[in-house]
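Examining the three-dimensional arrangement
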Amino acid sequence: MASTTTLVTLDNYASKMPGWAPNQPNHLYALVDMGSNGIRFSISDLSPPQTRLLRCLYRERAAISLFDALDASSSSPGNLVLPPDTISLVAKTLARFRSIADDYGVPAEHISVFATEAMRTAQNAASMLEAIRAESGLGVYVLAPQVETLFGAVGARSGFTSAKGLFLDLGGGSVQMTYLDSSMEDYEIVTAQTGESLPFGAAKLMKVFESDTAKIQVADFHTGMRSAVAKLERRFPSLKDAQGTESEGVDIYLCGGGFRGYGSILMHSDPIRPYPIPAIGTYTVGGALFSRTQDMRKVNAEFDGKIFGMSKRRRRQFPAIATVVEALVGAVRKIRTATFCAGGNREGALFMKLPRGMREENPLPLLYQVSGDVELETQRSAMGIIGSSLPGDFDLSEVPTVFTLGIGPLFISGIWSRTGEPSEANASFELHHAVIRDPSVPGFAHLARAVLGLTLCSRWGASFGPIDQQLYTNLQKLVSRANPEATFWAEYIGAVSSLLAEVCPAKPDSPEKLRNLIKFNSAVTLGRRKAKIHLTVSLSPVLFRDLNHEALQSSFEKVGRHQHTAGGLGRKVELSVQKMQY
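It should be emphasised that the depicted structure is a prediction, and the values quoted were computed from it without experimental measurement. (Residues numbered from 1 in each chain as written. Predicted model: local features only at pLDDT ≥ 70, side-chain atom pairs only at ≥ 80, totals over all residues. Heavy atoms only, no water.)

**Description of the pattern of salt bridges**
Opposite charge on two side chains allows them to pair when their charged atoms are near. Counted by the stated rule, this structure contains 22 salt bridges. We note a salt bridge from Asp68 to Arg313, for which the minimum N-O separation is 2.9 Å. In this pair, Asp68 sits in helix H2 (residues 66-73) while Arg313 sits in helix H14 (residues 312-316), placing the two residues 245 residues apart along the sequence. A salt bridge links Glu375 to Lys507; the nearest nitrogen and oxygen atoms lie 3.4 Å apart. You can see Glu375 sitting in helix H18 (residues 373-387) and its partner Lys507 sitting in the loop between helix H23 (486-503) and helix H24 (511-515), a full 132 residues away along the chain. Overall, the relative accessible area of 19% leaves Glu375 in the buried class. On the basis of relative accessibility, which here comes to 48%, the residue Lys507 falls in the partly exposed class. Several salt bridges share partner residues, and in doing so they unite Glu117, Arg120 and Glu148 into one network. (Salt bridge = Lys/Arg side-chain N within 4 Å of Asp/Glu carboxyl O. Helix = DSSP H or I, 4+ residues; strand = E, 2+ residues; numbered from the N terminus. Buried < 20%, exposed > 50% of the residue type's maximum accessible area, 1.4 Å probe, protein only.)

**Digging into the sheet that holds strand E5 (residues 111-115)**
Sheet architecture is open: 6 strands sit in the order E1-E6-E5-E2-E3-E4, paired in mixed fashion. Looking at strand neighbours, the two that pair on one side only are strand E1 (7-8) and strand E4 (55-62), the edges of this open sheet. As defined by bridge partners, strand E3 (residues 39-45) adjoins E4 across 7 bridges and the pair is classed as antiparallel. Across the sheet, the residue bridging to Arg40 is Arg61, located in E4. (Pairing = 2+ DSSP bridges.)

**Here's the deal with the packing of helix H19 (residues 408-415) against helix H21 (residues 446-459)**
Between H19 and H21, the least distance of the axes is 10 Å, while the angle of their chain directions is 25°. It follows from the interaxial angle that H19 and H21 lie roughly parallel. Crossing handedness for the pair H19 and H21: right-handed. Between H19 and H21, the residues in contact are Leu410, Phe411, Gly414 and Ile415 and Leu452, Thr455, Leu456 and Arg459, respectively. Residues that form the contact of H19 with H21 fall into these classes: 5 nonpolar, 2 polar and 1 charged. (Axes fitted to C-alpha atoms, helices over the stretch in contact; angles between N-to-C directions. Parallel < 35°, antiparallel > 145°, perpendicular 65-115°, else oblique. Left-handed = near helix turned anticlockwise from the far one by under 90°. Contact = heavy atoms within 4.5 Å. Nonpolar A, V, L, I, M, F, W, Y, C, P; charged D, E, K, R; others polar.)

**Topic: unusual backbone geometry**
Cis peptide bonds are those with omega within 30 degrees of zero, and the linkage from Pro48 to Pro49 qualifies with 5°. Here Pro49 shows up in the loop between E3 and E4. Note the cis peptide between Arg273 and Pro274, where omega equals -10°. Within the secondary structure, Pro274 sits in the loop between helix H11 (257-268) and strand E11 (283-286). One non-glycine residue with positive phi stands out, namely Arg418, at about 55°. Mapped onto the fold, Arg418 is located in the loop between H19 and helix H20 (423-436).

Spelled out as structure tokens, the structure:
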């Protein structure tokens, strides 16, 4: 075990890790996570006002498995030592990382190195720490299991505005599991204190499979998983209640390379093919699909080509990963959703540097920075006017739209951008941009990307070439899977914004600008097979006189055309134009 002076516990982690303050002259932080399966390095910019975004400037992974090195050097189970060549390689790797951090201008006091399971168990961990300090000048913090649980869970949680459910982190040497409810007071510490650590990571399980007692040890792992879940249920009654007969089930959040590998196999096999968003972060599947471990094992074993997101090493480890998932499925009686998280220990360490109020911010509005109060009020005015076109006859609070998902500012910022380009070019651009933009930004879920892309594509008339048709269709399927009404309302809101841009071709420079030009009102008539939305547009006297009223209707020609994505009841929009009454 490493010297106790390097051990980071819940009591001392805040004093050992460099903190963040808004008045610091430099907001760059470098982190190294010495995991059992690999060593990860990143540099992040926590400059205000976008601190909550945890913007990553540089990242790199060194494929050095400390777990494999420990195993290869051990002549007996109790003799776990790191060989000299591994110690030398790790020390040189960290010296290179230190050099990169220096090149970026990261202050020395903002560089943190922490290690987990392999360094906790290595008998000669002190030799590794000394070699790293001699080669790079860096000290290493060895995380106690509770702190590893803390960083892993809040690192995964940092990717969401709020979260509630089971959080698991699958590393090479262990599985960390805890329950997190971000609405609870001091949930971070409670999460860490109640966490469970099972010594069965992906790499370790692969070694177990080679032993004569594999069946016994795997059975012990299943028992340990059930026991861990039962302990969490006793501590958190809401976890047990979520698995009751009348409940929908537990939401599970998964981080760590092993679980992300399982997510990559699921994405490869997703009913929406090809799945339209490549990033594994925030990829969500239902419990039924998540539980199909035998099907996923078969895909891994029989598919000869490259599976996106899966390295050769990860595919070799897949039987162990599937075993962990099977133990989880056996321990949790009812799983509603499983979400794969991009964040991990490094994001968790960054997240815990921030003040609590900042940690609980919705990060998405920070993606679009307004220049002052006037622009902010103008943005809100535009959202209010478009929102007034939504009929009150329908309860849309549970329907994912640009407003309910918190991406209204991003949507408004796209209405008047690129107005010098042809509509078909912009429609194609918005589809692709929503998928690939800000790939590591927390809170930007796959569903939000799909809704934003479809809505802005509709703003430009949904005109695009045949090559984009499959992307458009698969984004529709993704949105409809969340709610069959959502595709229609993305088209509708996009069409309303297109009409708004027709009325006001230049981006409005004051909140009063739009209010003096246009107003919306809507009502609904329900038929046997179709709901007709009567949208009334009130225009200023000048616009009422000068604009072609029939041309305004063209914004809605494609809305509701894809009725199979709008649920059992069809939708049709009927537009009427009148002069604004003052």
